[in-house]
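# Inside the fold
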2 protein chains.
Amino acid sequence: MEHKYVYAFEEGNKDMRSLMGGKGANLAEMTVIGLPVPPGFTVTTQACNRFYEENEELWDALLQEVKEHLGKVEEKLGKSFSDPDNPLLMSVRSGAVFSMPGMMDTILNLGLNDESVQGLARSTDNERFAYDSYRRFIQMFGDVAMEVPKSYFDEALEARKESVGAAGDTDLTAEDLKALVEDYKQIIRREFGEEFPQDPVEQLKFAIKAVFKSWNNNRARVYRRLHHIPDDLGTAVNVQAMVFGNMGDTSGTGVAFTRNPATGENKLFGEFLMNAQGEDVVAGIRTPNEISQLKDIMPKAYDEFVNVTHKLEEHYKDMQDIEFTIEDEKLFILQTRSGKRTSHAAIQVAVDLVEDGVISKEEAILRVEPDGLNQLLHPTFDEEELKRTDVIAKGLPASPGAASGKIYFHADDVAAANARGERAILVRQETSPEDIEGMVAAQGILTARGGMTSHAAVVARGMGKCCVAGTSTLRINEQLGTMRAGDLEFNEGDYISLDGSTGEVFAGDIKKVDPILSGAFGTFMSWVDDIRTLKVRTNADNPRDAKQAVQFGAEGIGLCRTEHMFFMEDRIPAVRRMILANTQEQREEPLQKILPMQRQDFYEIYQVMEDRPVTIRLLDPPLHEFLPTDPEDIRELALTMHVSEEELQDRVNELHEFNPMLGHRGCRLAVTYPEIYRMQARAIIEAALLIKKDGNVILPEIMIPLVSDPNELVYVKKEVIEEIEMVFEEQNDRVEYLVGTMIEIPRACLLADEIAREADFFSFGTNDLTQMGYGFSRDDAGTFLHEYVDKNIFSNDPFDSLDQKGIGKLVETAAKLGREANPELHLGICGEHGGDPRSVEFFHRTGLDYVSCSPFRVPIARLAAAQAVARESTETRKDV
Amino acid sequence: MEHKYVYAFEEGNKDMRSLMGGKGANLAEMTVIGLPVPPGFTVTTQACNRFYEENEELWDALLQEVKEHLGKVEEKLGKSFSDPDNPLLMSVRSGAVFSMPGMMDTILNLGLNDESVQGLARSTDNERFAYDSYRRFIQMFGDVAMEVPKSYFDEALEARKESVGAAGDTDLTAEDLKALVEDYKQIIRREFGEEFPQDPVEQLKFAIKAVFKSWNNNRARVYRRLHHIPDDLGTAVNVQAMVFGNMGDTSGTGVAFTRNPATGENKLFGEFLMNAQGEDVVAGIRTPNEISQLKDIMPKAYDEFVNVTHKLEEHYKDMQDIEFTIEDEKLFILQTRSGKRTSHAAIQVAVDLVEDGVISKEEAILRVEPDGLNQLLHPTFDEEELKRTDVIAKGLPASPGAASGKIYFHADDVAAANARGERAILVRQETSPEDIEGMVAAQGILTARGGMTSHAAVVARGMGKCCVAGTSTLRINEQLGTMRAGDLEFNEGDYISLDGSTGEVFAGDIKKVDPILSGAFGTFMSWVDDIRTLKVRTNADNPRDAKQAVQFGAEGIGLCRTEHMFFMEDRIPAVRRMILANTQEQREEPLQKILPMQRQDFYEIYQVMEDRPVTIRLLDPPLHEFLPTDPEDIRELALTMHVSEEELQDRVNELHEFNPMLGHRGCRLAVTYPEIYRMQARAIIEAALLIKKDGNVILPEIMIPLVSDPNELVYVKKEVIEEIEMVFEEQNDRVEYLVGTMIEIPRACLLADEIAREADFFSFGTNDLTQMGYGFSRDDAGTFLHEYVDKNIFSNDPFDSLDQKGIGKLVETAAKLGREANPELHLGICGEHGGDPRSVEFFHRTGLDYVSCSPFRVPIARLAAAQAVARESTETRKDV
């Protein structure tokens, strides 16, 4: 038997999405449960794939199937494609498995031709209606099935209106429309090189091919790439008998949500237009009416519709987005689907449905998009003001939120402005660790360079601070204090506003609205925490961030970077003295100066974290990051440090590296200068002993970064433990602690078994692992990575979402080897991927104990971790 | 039964090296085949390992075994340890599996004490001899077994000589020596805190422990690390009855090689001293006699010795290095081992032994150290002049050879000096691709920065040019044109000399000696080529290097870098115009200028290579490498290019990268600017078509660098093939060609199956793979990598010899995945490791088709590849 490529609606159901597409499966389901759906059929996604195998041609057996199903529709309605007196008209719509804007959407009124248009005029007794339908059909068909630019049709319409002195479309008479039909056919002849096809079957073949082809048009491909939809899913084609909302005052059409998609309120929400076709509602030429008004106009149809909405929501157990048409007082349902909603509404609806016993908590958890929580946690711009303001540039949405303030080009100017009580925006080519205090003081950060994991982006996300990065169209001159966006020039002190969720940059000072978290949010997140098994920690370097993260549900600190502490104004002189020292003895003095400050840093963080674990990474960046590079700054520093300018310059030159990312940093520093890590280990433990006296027991986890070989860890660990034992002896008291390592170098993954024998824990540094695994520097990849995504070479930026195929394989290998060699090993991840939902799911599957992410990503990671469990148990249920 | 830890010589044989050590096994072998060896026994290497398990103590069962064997020796000789009248004296020597300088060597005359020294005086009727033996014993014992500084004994000896007015040691009388013995015992009491042990068994225990302990002293550990000897092999201890070469005019001692160790000539080569102990020959106080003179002095002993040497060489099938002593006209053999030899001699001896039917060609091949061939291929300094010259600094031996000339600090100054007919040395902090013409013109290159795979090192090795890199004690000021080495200052134009094989830098202009290759070398290398299965190609960018490599036996080019061609004076302006262009159209013009030059480059290389394959890597470095960075140079360039200085500076800034190694380079350039690779592909193919017209068919292998994902290769390959097909169409002619990729990014190894489906070949770029796999930049690792080796964290620099455990695993994975997915896939390696013998063996085992290395490493790689096969078949034979 031939393969079946076409299904009548009554042959399908809602679980046949992958074959019939979402729209087709829902039309089938509604048909089966007895809702008033115009009859029709679906050409399957498999047919689409075969279409591409057949070099974009339809094959005979398929056309045969289509004709058979067409025959059944004709039979059902007593109309016929080939009967000009009582013509059957059809709509043709694409229907992919996942809703996909960018593909061909709809052709209405297919089947009309020069003959049947007259039949339609007669059977409806409405010539104007018939010719208006015909000219709309030709225009749509020409546009989407024959690729004739829409503007030609629009121009012809305008010309016709002008020539007859018509003000609007509705002023055109039947005769005018007849002439317009001839104009349109002329355009098609001219542009397409063939006559507009009069044979309805020919029209249908054209339309099906057009839908299939639109699967691979550029917009659709881009959309799939952005939403990680595989290219081989294909689209289905839905062919359905037309019903007409534009047949007079007893007809109409509309769209409604079963609940409010903005707030989640359980109240029908929608709009309709009388005497109109669906496209008119969307086009916005006439202002639609609020759905409740339909009750007054057509009470019976309204009640019937309300009934249908209840039935559908109950049936689908989710808020539905429903299209309907009333043809001469008779209600037809043309589409239903889960309604798109704000995160706010998503949570409200999910919680309401659980409380009404409609869905389980697991299902509720799967209904909310983790990334959407971002909307709820950050301030946003006032919508009205935003509408009035122009976008001057667009960069990467590096860290969400809204910020406005005066621009400054140097970190210390930002700090000074902040001290004066001004709101300031730090604008830089790219930030560096020297800018840290300015970043803290700024409302938001704007850079011209760098990607989603550039310094500015990572630090800003860590602080939950709005940041737009890599805004390459801006010309920033830090020396002159100017920023150019196209023809506009901004100077120090001018106001701008940043939207870190979209990457948009605005001129001026836009008003902000603070986020409000609903009671449903709390309920929802408690369910999330009940189900998930993966712990969520935070990356935090200071008590403020730690506190924020705990409020967002962090269960510990997974990464406390210590380098930012070294940059603070009160200690950078000591740090620099240490770097300039020539002997270990000379390094001891400044280290002794820094020790009590580091101890205090840790003590304050422990206070916030109470009994939660705190993972502290020992110093990681290369030492030259702590020295200035500008000759002017070097001169100044030499003066304050009482060394000769030449000596300082020599040391700066000596420390210069060609590739600092691959240079003398991480535990390599400790191999050369063990005393630095010893000081830090001492500060960590002394602070823990101090807090123990306060009655608070903390478990410090000391993390040694950048290990590539087990011997490195052995060497550095020995130094650290020696120092810690000295502290215990001095204080005659002990605390528990762990010593572990970052796994962030590819080789470490391959030797993870040997390393695990020396480590209490692994924390995957997936940023560096991605950098080294791909051979990309995150600071430099910005210049070419976007082209990789644009040219479809990469499906996404591997710094945004973990590359599971390559880098993920390294993580899996290391997790497996590590656990085998040391069953007690804790596994976590503290790269930026810890806050990316798809990556979180991967880490859950890989069996990690926790993810760690910046404070504002904590709720997102919690939800993603819960969804991973919910998805597993859904899949398990399916398997049974 | 207790484990056996002690073997009498007659219980062992030469195959028991791993248990008895090299020396012990050979003493046993000689004993068994009936040579006159003083009796004795060996404490095994297993005992050494157990000694460490027992916390560096000897255990009772072992002491019992030692005593039993001692008893047998006493029995055999009719002497006794405990018999003061006829005392047995012993020597104690270490004996590891591999000869290892740095360990405790020898204690002679063990067994002497205050009583037996008198017995010895009586039995030899030579009191002076007895006390001289005793005082030597105490000194040696105090030094090596009790760790009393040798200088104390020397001072006491000098003081004694002074007090009695003795000019030399031999002027001391028996009475003087008796007093000296008391002085020595006093020193031991003072320094060691205990009396010098009088009990011979106690002395023996001390001595055995001292040998075992010396296995783990610092020098021995360093030696093992350098020679890749495992730490757990342990050392054996040989205890042997003393014989005396210093018992008067019928006694003597000497050392001889069965052949000349410098030339390989088949003629006994050695020296001896009458009336002396072994140490006197080494000490150089008396000048030894040429061995042939022994014939005149003691013809019988001489003949007997010659006989023994023949017997030993026949037995061991190799040139032997033999120690002998004649005690009162009786010959004793104290040691035999394979003689160390120059590479020149090694080849001569191996070839002679094969031609005499003594060994097989395979055995011959295993007898020559591959790295030693370096000596034969490069000029060396005149030995006499070298002795008179001081080393002023020592860097890394980055590229072997000897060079001398005037120093210049800028590449163009070197080029100018060369044009004037001067010999010039290029001295730089570190070289960059801009320096390439200066490097070509220089006699040698000296840098202060960078490791064994820094730019200078890699390029110099590629050219076979002498280079000393990373000479960190030098203070080079390129601006001022000065170089400081300690207190010495050198200015532009001063002469220095470099030894690239040792890393030594000398002041002045030392005379050089050119290498001469013997006939035996040719014979030997022909055997090498017969046996090996791994092909050896070369890395060469120009006809000169290609020619050199072909002369050295290269079978193709494995890596022809194209970036050096871009730097040449006649094309760099066009390259820069291309980089500064804003559109593809603007880039086309300069590319059109470069095309014919590139075509000519390839054409000339093809001419040299004849029918050998040529792998050409498309442009790899980031574009900013082609632009100047110095503001002065930018100003100048802007003038000549007719662009504004600001515009040029802007472009330079825009192209600046934080980590160029991980930046916009390799195939990433071609994703952005496909026209560059298209031009290169066209040049490669047009040149191949041109040479085809000459009647020469070449197989160009086009290599796309830095691929991290199969999609990258697909994208770039499509561009390349399109261009090639255009050329074929234009010229109406075709040639065969391959398109493959470098595998140099860790992720590419993990996705090698997918990549292999798109590639004709893989060439492993193990330099970058090492850099990215370890997260080390080769340009920066110099500052800390030496500490890793010093502190025993790494056993060697992974840029020198491939890290088989980590990076090697990536290579294996990629080779396996690649071959499985594409059985036709060619596999090669073009990193620096292609010329490292241990790495070559690894690549052979991993199943690669070829290695590629710089021209001067080609013979080394050929030999290493042959040894890999020879070793395999030796192992297979052992298994049978």
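Quick look at the structure, then. Predicted, not measured: the structure shown is a model, and the values here were computed from it.

Moving on: a negative patch on the surface. Together, Glu434, Asp630, Asp633 and Glu636 of chain A give the surface a local cluster of negative charge. The topology assignment puts Asp630 of chain A in the loop between β26 (614–617) and α25 (631–641).

Take the pattern of salt bridges next. Overall, the coordinates contain 132 salt bridges over all chains when judged by the stated rule. A salt bridge links Arg747 of chain B to Asp803 of chain A, with the nearest nitrogen and oxygen atoms 2.6 Å apart. Remark: Asp803 of chain A occurs in the loop between α33 (782–790) and α34 (807–821) and Arg747 of chain B occurs in helix α30 (residues 746–750); the pair is interchain, linking two chains. For Arg747 of chain B, a relative accessible area of 3% puts it in the buried group. Arg678 of chain B is the salt-bridge partner of Glu723 of chain B, the closest N and O atoms lying 2.7 Å from each other. With Glu723 of chain B in helix α29 (residues 710–731) and Arg678 of chain B in helix α28 (residues 674–693), this residue pair connects regions lying 45 residues apart in the sequence. When sorted by exposure, Glu723 of chain B lands in the same class as Arg678 of chain B, which is buried. Overlapping salt bridges, with partners in common, bring together Arg599, Arg678, Arg682, Glu686, Lys718, Glu719, Glu722, Glu723 and Glu730 of chain A in one network.

Okay, helix α8 (residues 200–214) of chain A next. Between its first and last C-alpha atoms α8 of chain A spans 21 Å; for 15 residues at 1.5 Å apiece the expected length is 21 Å, and the two agree. N-capping of α8 of chain A is provided by Asp199 of chain A, with a side-chain oxygen placed 3.0 Å from the backbone N of Val201 of chain A.

Our focus in this paragraph is the packing of α25 of chain A against helix α26 (residues 645–655) of chain A. Residues and elements named next belong to chain A. Their axes nearest at 9 Å, the elements α25 and α26 cross at an angle of 120 degrees. When the axes of α25 and α26 are compared, the pair comes out oblique. Note on packing geometry: the crossing formed by α25 with α26 is right-handed. The residues of α26 that touch α25, namely those facing Ile634, Arg635, Leu637 and Ala638, are Glu645, Leu648, Gln649 and Val652. In the contact of α25 with α26, the residues fall into five nonpolar, one polar and two charged.

In this section: the environment of Asn238 of chain A. All names here are of chain A. Within the secondary structure, Asn238 sits in strand β5 (residues 235–241). For Asn238 and Arg93, which are 145 residues apart along the polypeptide, the C-alpha to C-alpha distance reads 5.1 Å. Asn238 has contacts with Phe9, Met20, Lys23, Gly24, Leu27, Phe41, Thr42, Ser91, Val92, Arg93, Ser94 and Gly95, leaving out every residue within four places of it along the chain.

Per the stated rule, a full pass over the model turns up 52 aromatic pairs over all chains. Pairing Tyr788 of chain A with Phe794 of chain A gives two aromatic rings, centres 4.9 Å apart and planes at 55 degrees, and the pair type is tilted. Judged by relative accessible area, which is 3%, Phe794 of chain A ranks as buried. Geometrically, the ring pair formed by Phe567 of chain B and Phe626 of chain B is stacked, given 4.6 Å between the ring centres and 25 degrees between the ring planes. Here Phe567 of chain B is found in the loop between α22 (563–566) and α23 (572–580), whereas its partner Phe626 of chain B is found in the loop between β26 (614–617) and α25 (631–641), with 59 residues between them in sequence. With a relative accessible area of 8%, Phe567 of chain B lands in the buried category. A relative accessible area of 1% places Phe626 of chain B in the buried class. Through successive ring pairs, a cluster of aromatic residues spans Tyr134, Phe137, Phe141, Phe192, Phe196 and Phe206 of chain A.

With that settled, the discussion passes to the nonpolar core. Core analysis: the biggest nonpolar cluster contains 325 residues, and Phe524, Tyr606, Tyr677 and Ile685 of chain A together with Phe524, Tyr606 and Ile685 of chain B have the highest contact counts within it. With sequence-adjacent residues up to four places away left out, Tyr606 of chain A is seen in contact with Val614, Ile616, Ile684, Ala687, Ala688, Ile691, Asn696, Ile698 and Pro700 of chain A. Of all hydrophobic cores here, the second largest spans 69 residues; its members include Ala96, Met103, Ala166 and Val211 of chain A.

We now examine the environment of Val351 of chain B. Residues and elements named next belong to chain B. Counting through the fold element by element, Val351 comes out in helix α13 (residues 343–355). Put simply, Val351 and Gly519 are 168 residues apart on the chain and 9.9 Å apart in space, counted from C-alpha to C-alpha. What Val351 contacts, discounting residues up to four positions off in sequence, is Ala520, Thr523, Phe524 and Trp527.

Turning next to the relation of the copies chain A and chain B. The transformation that overlays chain A on chain B combines an axial shift of 0.1 Å with a rotation of 180 degrees, and the residual RMSD is 0.2 Å. On this basis, the relationship between the two copies can be described by a two-fold rotation axis. Residues of chain A ranked by C-alpha distance from the rotation axis are headed by Asn659 of chain A, positioned 2.1 Å from it.

A few words on the interface of chain A and chain B. Facing 51 residues of chain A, the contacting portion of chain B comprises 50 residues. Both faces combined, the contact of chain A with chain B buries some 4600 Å², and carbon together with sulfur accounts for 55% of it. Sorting the residues of chain A by area buried against chain B places Phe658, Leu662 and Arg747 of chain A first, and these three jointly supply 14% of that buried surface. Linking chain A to chain B there are four salt bridges.

What follows concerns the sheet that holds strand β3 (residues 90–96) of chain A. Whether parallel or antiparallel, the strands of a sheet pair through hydrogen bonds between backbone atoms. All names here are of chain A. Strands sit in the order β1-β2-β5-β3-β4 across an open sheet of five strands; the sheet is antiparallel. A strand with exactly one partner marks an edge of an open sheet, and here the two such strands are β1 (6–8) and β4 (106–110). Strand-to-strand twist of the sheet, defined as the mean angle between neighbouring strand axes without regard to direction, takes the value 20 degrees. Of the strand pairs in this sheet, β1 and strand β2 (residues 40–43) are connected by three bridges, and their pairing is antiparallel.

One covalent bond between the sulfur atoms of two cysteine residues makes up a disulfide. Residue and element names in this part refer to chain A. If you walk through the whole model with that rule in mind, you get zero disulfides over all chains. With no disulfide of its own, Cys749 lies 13 Å from the sulfur of Cys830, the closest cysteine sulfur. Classification of Cys749 by relative accessible area gives buried; the value is 0%.

A few words now on the sheet that holds strand β24 (residues 535–539) of chain A. The strand order around the closed barrel built from eight strands is β24-β25-β26-β27-β28-β29-β30-β31 (chain A), with neighbouring strands paired in parallel fashion. Taking the axes of each pair of neighbouring strands and ignoring which way they run, one obtains an average angle of 25 degrees across the sheet.

Let us look at the pairing of β26 of chain B. Residues and elements named next belong to chain B. Of the two faces of β26, the one holding Val614 and Ile616 and the one holding Thr615 and Arg617 are both buried throughout. In terms of strand pairing, strand β25 (residues 557–561) meets β26 through three bridges, oriented parallel. Note that in β26 the partner of Cys560 across the bridge is Ile616. In terms of strand pairing, β26 meets strand β27 (residues 700–704) through four bridges, oriented parallel. Paired with Val614 across the two strands is Pro700, which belongs to β27.

All names here are of chain A. With respect to the helices and strands, Asn86 occurs in the loop between α3 (60–77) and β3. Considering only alpha carbons, one finds Asn86 and Thr124, 38 residues apart in sequence, at a separation of 9.6 Å. Excluding its chain neighbours within four sequence positions, the residues that come into contact with Asn86 are Gly78, Lys79 and Ser80. From its side chain, Asn86 meets the backbone oxygen of Gly78 in a polar contact 3.1 Å long.

Quick notes on the rules
- Residues numbered from 1 in each chain as written.
- Chains lettered and ligands numbered in written order.
- Predicted model: local features only at pLDDT ≥ 70, side-chain atom pairs only at ≥ 80, totals over all residues.
- Heavy atoms only, no water.
- Patch = residues over 30% accessible without salt bridge, like charges linked within 9 Å, V, L, I, M, F, W, Y side chains within 5 Å.
- Areas by Shrake-Rupley, 256 points an atom, 1.4 Å probe, with all protein chains shown as cover.
- Salt bridge = Lys/Arg side-chain N within 4 Å of Asp/Glu carboxyl O.
- Lys, Arg positive; Asp, Glu negative; His and termini not counted.
- Charge placed at Lys NZ, Arg CZ, Asp CG, Glu CD.
- Helix = DSSP H or I, 4+ residues; strand = E, 2+ residues; numbered from the N terminus.
- Buried < 20%, exposed > 50% of the residue type's maximum accessible area, 1.4 Å probe, protein only.
- Expected span 1.5 Å × (residues − 1).
- Polar contact = N/O pair within 3.5 Å; in protein donor to acceptor, adjacent residues only side chain to side chain.
- Axes fitted to C-alpha atoms, helices over the stretch in contact; angles between N-to-C directions.
- Parallel < 35°, antiparallel > 145°, perpendicular 65-115°, else oblique.
- Left-handed = near helix turned anticlockwise from the far one by under 90°.
- Contact = heavy atoms within 4.5 Å.
- Nonpolar A, V, L, I, M, F, W, Y, C, P; charged D, E, K, R; others polar.
- Phe/Tyr/Trp six-rings, centres within 6.5 Å; stacked < 30°, edge-to-face > 60°.
- Core = buried A, V, L, I, M, F, W, Y, C linked by side-chain atoms within 4.5 Å.
- Least-squares fit on C-alpha atoms with pLDDT ≥ 70 in both.
- Buried area = accessible area lost by both parts, 1.4 Å probe.
- Pairing = 2+ DSSP bridges.
- Disulfide = S-S within 2.5 Å.

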